[in-house]
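Descriptive structure summary
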Amino acid sequence: MPTASHPVPLHLLRATTTFLVLVVVLLLASAPRPAAAASTDRAALLAFRAALAAPSRAALSSWDGPLSPSWLGVSLHPAAVGPAPAPASVAELALGGLNLTGALPAAPLALLRRLRALDLSANALSGELPCSLPRSLVSLDLSRNALSGAVPTCLPSSLPALRTLNLSANSLRLPLSPRLSFPARLAALDLSRNAISGAVPPRIVADPDASALLLLDLSHNRFSGEIPTEITAIRSLQGLFLADNQLSGEIPPGIGNLTYLQVLDLSNNRLSGAVPAGLAGCFQLLYLRLGGNQLSWALRPELDALDSLKVLDLSNNNISGEIPLPLAGCRSLEVVDLSGNEITGELSSAVAKWLSLRFLSLAGNQLSGQLPDWMFSFPLLQWLDLSGNKFVGFIPDGGFNVSAVLNGGGGQGIPSEGVLPPQLFVSTSVDTVSWQLDLGYDLQRTTGIDLSRNELRGEIPEGLVAMKGLEYLNLSCNYLAGQIPAGLGGMGRLHTLDFSHNGLSGEVPPGIATMAELEVLNLSYNSLSGPLPTSKFPGALAGNPGICTGEGCPGDARVPEGKVEGSNHHGWLGGWHGENGWVSLGAFCISTMTSFYVSLATLLCSPKARNFVFRPVQVEY
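Going by what an unreviewed UniProt entry lists, the protein chain is known as Leucine-rich repeat-containing N-terminal plant-type domain-containing protein and is assigned to Digitaria exilis.

Below, the discussion takes up the pairing of strand S19 (residues 294–298). Inspection of the sheet shows strand S17 (residues 270–274) paired to S19 by three bridges, in the parallel sense. Across the sheet, the residue bridging to Ala274 is Ser296, located in S19. Taken together, the three bridges between S19 and strand S21 (residues 318–321) define a ladder with parallel strand orientation. Residue pairing across strands places Ala298 opposite Ser320, the latter belonging to S21.

The next subject is the nonpolar core. Counting 129 residues, the largest nonpolar core has Leu93, Ile449 and Leu473 as its most contacted members. Of all the secondary-structure elements, those providing two or more residues to this core are helix H2 (34–51), strand S2 (90–94) and helix H5 (462–465). The dominant element in this core, judged by the number of residues it contributes, is H2, at three residues.

Let us look at the confidence of the model for the protein chain. Per-residue confidence for the protein chain averages 83 on the pLDDT scale, and 78% of its residues sit at or above 70. Contacts of residues 607–616 to residues separated by more than four positions or lying in other chains number 33 contacts, the stretch itself having pLDDT below 50.

Per the counting criterion, the structure on display carries one disulfide. Here Cys131 connects covalently by a disulfide to Cys154, the sulfurs 1.5 Å from one another. Within this pair, whereas Cys131 is found in the loop between strand S5 (124–128) and strand S6 (139–141), its partner Cys154 is found in helix H4 (residues 154–158), the two being separated by 23 residues in sequence. According to the relative accessible area criterion, Cys154 is partly exposed, its value standing at 29%.

What follows deals with unusual backbone geometry. Even without glycine at this site, Ala122 takes up a positive phi of about 55 degrees. By the secondary structure assignment, Ala122 is in the loop between strand S4 (117–119) and S5. Residue Cys477 is not a glycine yet carries a positive backbone phi of 60 degrees. By the secondary structure assignment, Cys477 is in the loop between strand S32 (472–474) and strand S33 (479–483).

Criteria and thresholds
- Residues numbered from 1 in each chain as written.
- Predicted model: local features only at pLDDT ≥ 70, side-chain atom pairs only at ≥ 80, totals over all residues.
- Heavy atoms only, no water.
- Pairing = 2+ DSSP bridges.
- Helix = DSSP H or I, 4+ residues; strand = E, 2+ residues; numbered from the N terminus.
- Core = buried A, V, L, I, M, F, W, Y, C linked by side-chain atoms within 4.5 Å.
- Buried < 20%, exposed > 50% of the residue type's maximum accessible area, 1.4 Å probe, protein only.
- pLDDT = per-residue confidence, 0-100.
- Contact = heavy atoms within 4.5 Å.
- Disulfide = S-S within 2.5 Å.

Laid out in structure tokens, this is it:
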């Protein structure tokens, strides 16, 4: 063994150095030259183009000459450094939205040995998913195509470097194999908007404890069975979407283990049982949708720990009990939809603490008592739906000047289909630099108030019709009395107005004729009188016996009740002969139709129908 006192012989040192140099030379000689790599990649891309259906090849007409960054959708690795630099190999291929058609040309793509990102989304490529893709792929996006068949079990093992996989919006139909398991390094898996059936694989990632999975989206498929408890062991999850499937059973109690979770959407399934108290463990949760299931029991007060929650949708379930006071702790709430449940009691003062509210729907429940004075005092409120409950008393005449949106600030215009409850647009993606979930949502800026199908009395407050930003106002099926406020004509953005089936009296405000945006008007079945200010809504005043028609409303334009002048009463209908005989026939028809509509209105406005019509928040992805 050489030591400081026994140095290495010079000839041995030279021999060792020569050997190392020889090894390096041999390694360099055996490595593929950049020029050869570029030539292979160019040939692979041209073979890819040639394999497409003829009409779509024109989109890649720039693929001519030597391989270069000028080729559409092609990004190259940095060029090799040396005395004779050569073109680099393909690093990324982004060909989304080019209407490429034909079978997916997998074989040419497999020759792109150094390809790291492949985006063929939003085309019309067909066929089954291949296993022969470049093993160096980090990102693969084949979404919004026409791929069919199943997700092959060989896919995860053939792409060991994969971090993001998007196969959404295809025609994948076959069940996922229970052996399908992705490597722990995968950060995002999106199989949504297919028709995949069967059970969710219990170990969709190979090692849940070591998993880096941030986003799992299996929504809008046909998955059935229970939610695997193994999913609650993927502690890295920040977004979990299982909505719009046929999943049953209870929500796993271990859901609270997902302490990094920001988005949880289990809506529109067949889940039962209670909303688990363990959800409080997901203290970073921003967005929670459990609507459209069969959940029951009362809301748990432990949910007050979700103080970051912005969107809460529990609509269309069987949730009972009162709104618990501890939910006042959820002070970041902006969108709350508890419609279509069996919630009872009076409006909890917890609701008053949600000062960031933009959308609130408690429609179709069994809430009772009077509307509190703070009901209209939310500064950002744009949609309020309390319809189909058992509220009594007067509409509070205060707080109407607080919401800047309802008073005319902001707004995005009325959509072509008319005023509907605001749609909630949700988007999620994974930042491939920070490897964090990016969550975005936008609430459409339509505005409205719906207090219909309750037992409200008294007059319509002036402050309510002074809200210049309202586009939808429905107070139908109550016991409101008095005159319609004259300020109604100043609601310049109002599109839909329904005061039907009340006890309103007096004349219709003439300002209605100047409301340019008004498209839907229903003042039927009240006790209104006088002329109709506009002919735009001929059926809007049915069931108001004091309303007259015709210019100037001459006295003979209406037939006094129980008297038909100038008629000859022949037959059981009467009035078949004579100058004014047709009036009594018309009166009979009107009376019959009025009776029918009154009966129908009575049914629709009855307490039994309160759970029939309500407007849950619309959500799109």
